[in-house]
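Architecture at a glance
Take a look at the letters that make up each chain.
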Amino acid sequence: MSRQNVHTLASLFGEVGRVEIPIVQRDYAQGRPEERYVREAFLAALGDALRRPDGDPAGHLNLDFVYGSYDEKSATFAVLDGQQRLTTLFLLHWYCSLRDDRVADFRARFSNGGQARFTYATRESAAMFFDALVRHACALPAAGRSLATTIRDSQWFFLNWEFDPTVQACLGMLDAIHAGFHGDVGLYARLTDERRITFEFLNLPDFGLSDDLYIKMNARGKPLTPFENFKAWLVGRHAADAAAAAEFDRRMDQEWLEVFWQMGRVESGGPAADELFMRFFYLMALYGACQERGTGDSDWLTRLNRRQTVSHAEFARHDSFGEATLARVSTMLDYLAGTPDPGDMALCRQALLRNDLMDVARFGSVVEAVCAAALAGAPAATGEARRRWNRVTANLIGNARIDDVSTLQMAVRGTAALAAHFATLYEDLAEQDLRPVGFDGAQLQEEKTKVQLILQDGGWEPALEAAEAHEYFQGRVGFLLEMSRDEAQQADMAAFKVYAARAGTLFARQLRESEGLLLERALLSQYDYLPGWSFSRYSFCLPGARSFRDRGDHWLRVVGDARFKDFLDALGSGDAESALEDMIATSACTDWRRLIIAEPRLIAYCGQRFIKRRDGRIYLISKVKSSSRHVELCTYALYLALDKAQQAWPFPAGAVDLDYTAVTDGEPSLSLTLEDDLQLRVVHDRGALRCFDGEREVAPPAALADWIVRFGPAAA
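About the cut-offs
Residues numbered from 1 in each chain as written. Predicted model: local features only at pLDDT ≥ 70, side-chain atom pairs only at ≥ 80, totals over all residues. Heavy atoms only, no water. Helix = DSSP H or I, 4+ residues; strand = E, 2+ residues; numbered from the N terminus. 1 Å grid on protein atoms, 1.4 Å probe; cavity = no way out; pocket = protein on both sides within 12 Å on 5 of 7 lines; lining within 4 Å. Points joined across faces, edges and corners; volume = space filled by probe spheres on them. Nonpolar A, V, L, I, M, F, W, Y, C, P; charged D, E, K, R; others polar. Patch = residues over 30% accessible without salt bridge, like charges linked within 9 Å, V, L, I, M, F, W, Y side chains within 5 Å. Areas by Shrake-Rupley, 256 points an atom, 1.4 Å probe, with all protein chains shown as cover. Salt bridge = Lys/Arg side-chain N within 4 Å of Asp/Glu carboxyl O. Lys, Arg positive; Asp, Glu negative; His and termini not counted. Charge placed at Lys NZ, Arg CZ, Asp CG, Glu CD. Pairing = 2+ DSSP bridges. Axes fitted to C-alpha atoms, helices over the stretch in contact; angles between N-to-C directions. Contact = heavy atoms within 4.5 Å.

1. Considering the environment of P462
Tracing the backbone through its elements, the reader meets P462 in helix α23 (residues 460-468). Considering only alpha carbons, one finds P462 and F692, 230 residues apart in sequence, at a separation of 64 Å.

Below, the structure is given as structure tokens:
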């Protein structure tokens, strides 16, 4: 055969007698239901190239390398790598020949003596199916109908073929082709007579077709991994010259690969080194895509973030690894392969191993720092510029809502914009009106205020860093600066340290998650601190600190209230837990808060810490929505008190049973059964607790009257 190495499927069959998928290959997979993204992306790329007008540079698609072994005696090319692409191409040729009434031409090109020249040696049923395709025409169904069903109903289709995974996947792919190409005409000629869809053909003349084919190709006895194919494509397509290609290839195989091999050793049972290396390239492609103007293609960003299969053609179409990106990749890999900061390696590991957008954003700040330092000739891991960068970007990213690829894109773009000021970040933040996108406006203003203080007095930096390091605040300490302002409205460092220490103790995990809910009840003893939500809901505040949403929607909304400063003043600098307990014990509160201050189980009932206020009543919500099961505050507080007193005075004389009915709709109520079988229902109605016997309101029994008064809302 000739040495031509760029072929269309039709031109390949001009060189070889048959193309065979050998027995050592797996079944065809692109038509399987779980391969939807791969299938749709590949067909979209094929369709885009085929539909372009003549002369359009985008009307050509190269499908990368197809490896195999050609046997001169049988004139058979055995496919080692490229099985999935070639099978899909063959099915597309078959479909377009039917659509364009070119069946005779298809048979002349792709069959010989009634047998398909493209075949599978994996199972006899698969080979028979491809033979049947070239022998029999098939009327295409209307748009929206299943082509696979039409084929199954044909007389030439054998029912036992349904059990062949390759045949099943072919039918799935033909349905997808019919859905995507049923309205196109003239594509068969573009497939066969024009060089619209090509691939790089590589014959391995030293290998015969045998079961040890893979072993000879790959010393591990496995097919080429996706990363190995990706590496070959990257080196071949993007190296500027042979020497550069060889050097890039060497580093990929040696010092750069070592980074991910060592990382894989740390994560026992985790991904292999080449899988981690591949994820790194997806990550760098994601950072590059985030830099594009506008909002970008969210589906493309999502696929890169989730590391869903992306073809080399798609990478090329998006210019994911252009010259500038490859330069950044090389800079970053050189840094990781040298003596990187351990914290940088930890962020890299997290970004590659976990599917967490905050990890991706944080490692993105490392990438920007390393590349900016390289441009400035500064140390990438150490030095004042890097330390300042770490502090500011950690605060900005840690206090940004990054919960989808759109907000991730904005944060990555904002970080890149700040990288232009890497060497003079503090000075530029203090003096210039920098407004990088993607970050919380209040946090950005806080960072400007803090660097101004630091540049005026270096003693501020360690004081601020100590407060920012708190696991709940995570850099959000502007409220402490506001508390520490003197009469001239200047931040006082000594006052700042005092308030930082008190707030730090108060929001330590031990108190935030205390079983007795001391923080919540002590605050209620001073004022109604509950921040408002939609639909008349209010929150006691959840203790979680995993994300900025967790903190920003809860306690960070409380600390900015001027009354919180008074609370910290009342707390003092002694033992915080004792001070909180003393506030609770000495509370003089007389409104609805008195019930909750006295009974922490009322807060605990609220699984997500929500209450709802409606018509003068307060409802404790078990979950998030008002439609979830809920109880009414006064009646439920009475129920808990009665339940606690059931076995001791002063439980109402004659009462033998009590129950509480929580509801999703309607009015919750307390039920009380007396010895004479009288059943009373206690509800909050018209500003008081009232007793009902059925639908008739009755006076409460004498023994219950004091309880009704004590737990009623009248004092509110």
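Right, picking up where we left off after that structure.
2. A word on the layout of surface pockets
In this approach a probe as big as a water molecule rolls over the atoms, and the regions it shows empty are the leftover space. By volume, the largest pocket amounts to about 1,200 Å³. For the largest pocket, the lining is made up of 44 residues, of which R26, Q84, P226, N229 and T309 are closest to its centre. Classifying every residue of the lining of the largest pocket by side-chain character gives 23 nonpolar, eleven polar and ten charged. Surrounding the second largest pocket, 20 residues form its lining, E446, G478, F479, E482 and G560 being those nearest its centre. Mapped by element, the contributors of at least two residues to the lining of the second largest pocket are α22 (441-456), α24 (478-483), α28 (548-552), α29 (555-559) and α30 (562-571). Per-element tally for the lining of the second largest pocket: the top contributor is α24, with five residues. A class-by-class count of the residues in the lining of the second largest pocket yields eight nonpolar, five polar and seven charged.

3. Notes on a negative patch on the surface
A contiguous patch of negative charge, built from E292, D297, D299 and D319, is present on the exposed surface. In this structure, E292 sits in the loop between α13 (273-290) and α14 (298-306).

4. A look at the sheet that holds strand β9 (residues 537-539)
Hydrogen bonds between backbone groups are what pair the strands of a sheet, and the pairing can be parallel or antiparallel. The strand order across the open sheet built from four strands is β9-β10-β11-β12, with neighbouring strands paired in antiparallel fashion. Unpaired on one side and paired on the other, β9 and β12 (630-632) mark the two borders of the sheet. If you compare each strand with its neighbour and ignore which way they point, the axes differ by 30° on average. Pairing geometry for β9 and strand β10 (residues 610-614), over three bridges, is antiparallel. Considered in β10, the bridge of Y538 is made with I611. Against the sheet, helix α34 (residues 633-644) makes contact with β11 (617-621) and β12, and its axis sits at roughly 85° relative to β12, the strand it touches most.

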